[in-house]
Amino acid sequence: MAKPMINIPSTANAVTPPAFEYGEDYAFYDARMKRPPDYYQKILATATKTIQIWETHSNPEVDWKVFSEVKCPQVDITILTICDKNLSDESAVRLLADNIVNNLNNAVKACVLTIFAFHRSCIYNDLTWHDRFLVIDDTDYYLVGPSMNNQVGSDTSFGIHYLSKTSDRDLLKKKLDSFLPLTGSSKLRIKVTRKRPSNGK
């Protein structure tokens, strides 16, 4: 499968070094450059129909900013996350959903956003995940270092890895799919859905 086309700056002749340095399937954010990270946003911008985000920590005050470059007319966004720290209660999950949908680019005419937030206790057993994952259009899979809030601004360096090999993608898809039944179990604390347009309101 061909790697999705993402507009990235050339590092060879750049007057100001970019925040990320790019290999073939791996991009490294060097926080010492003191420039805001932007690669995650560029990946999201390649979506033409679906975005699936597997998170461990969410911040309703910041996370919505990563969707700034999403401009496809119709998109379904699914976020699976944990009620922890900044997402400590159900009102925070609702705030996260509202902030994302209300701040989407005007080019996005129709969106269905679904957030599945699991109980914090799930962190301490084998029922959830540790790493962050990003799936675009059910075909492009990424391993993502930090959470979404760090994709807006981070004091630490991190990497994002694109899975280019079929066997790696198939393995990750199988494992992620095996977690999806948890969205209908008692491990789920809250499910929040938001739409654009919001039923004519």
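**What to know about the nonpolar core**
- If you look at the biggest cluster of nonpolar residues, it comprises 43 residues, and the most contacted ones within it are Ile51, Phe67 and Leu134.
- The biggest single contributor to this core is helix α2 (residues 90-102), with 6 residues.
- When near neighbours in sequence (up to four residues on either side) are disregarded, Phe67 contacts Leu44, Ile53, Ile77, Ile79, Ile100, Leu104 and Met148.
- One finds Ile82, Trp129, Tyr141 and Leu188 within the second-largest nonpolar core, a separate group that totals 14 residues.

**Some points on the confidence of the model for the protein**
- The share of residues in the protein with pLDDT of 70 or more is 85%, and the mean pLDDT across the chain is 85.
- Contacts for the low-pLDDT stretch residues 9-15, under 50 throughout, to residues beyond four places or in other chains number 4 contacts.

**Concerning unusual backbone geometry**
- Here the amide bond leading from Arg196 into Pro197 is cis, since omega sits at -5 degrees, within 30 degrees of zero.
- Within the secondary structure layout, Pro197 lies in the segment after β9 (188-196).
- In this structure, Asp137 takes a positive phi of about 55 degrees despite not being glycine.
- With respect to the helices and strands, the residue Asp137 is situated in the loop between β6 (132-136) and β7 (140-144).
- For Asp137, a relative accessible area of 8% gives the class buried.

About the cut-offs
Residues numbered from 1 in each chain as written. Predicted model: local features only at pLDDT ≥ 70, side-chain atom pairs only at ≥ 80, totals over all residues. Heavy atoms only, no water. Core = buried A, V, L, I, M, F, W, Y, C linked by side-chain atoms within 4.5 Å. Buried < 20%, exposed > 50% of the residue type's maximum accessible area, 1.4 Å probe, protein only. Helix = DSSP H or I, 4+ residues; strand = E, 2+ residues; numbered from the N terminus. Contact = heavy atoms within 4.5 Å. pLDDT = per-residue confidence, 0-100.

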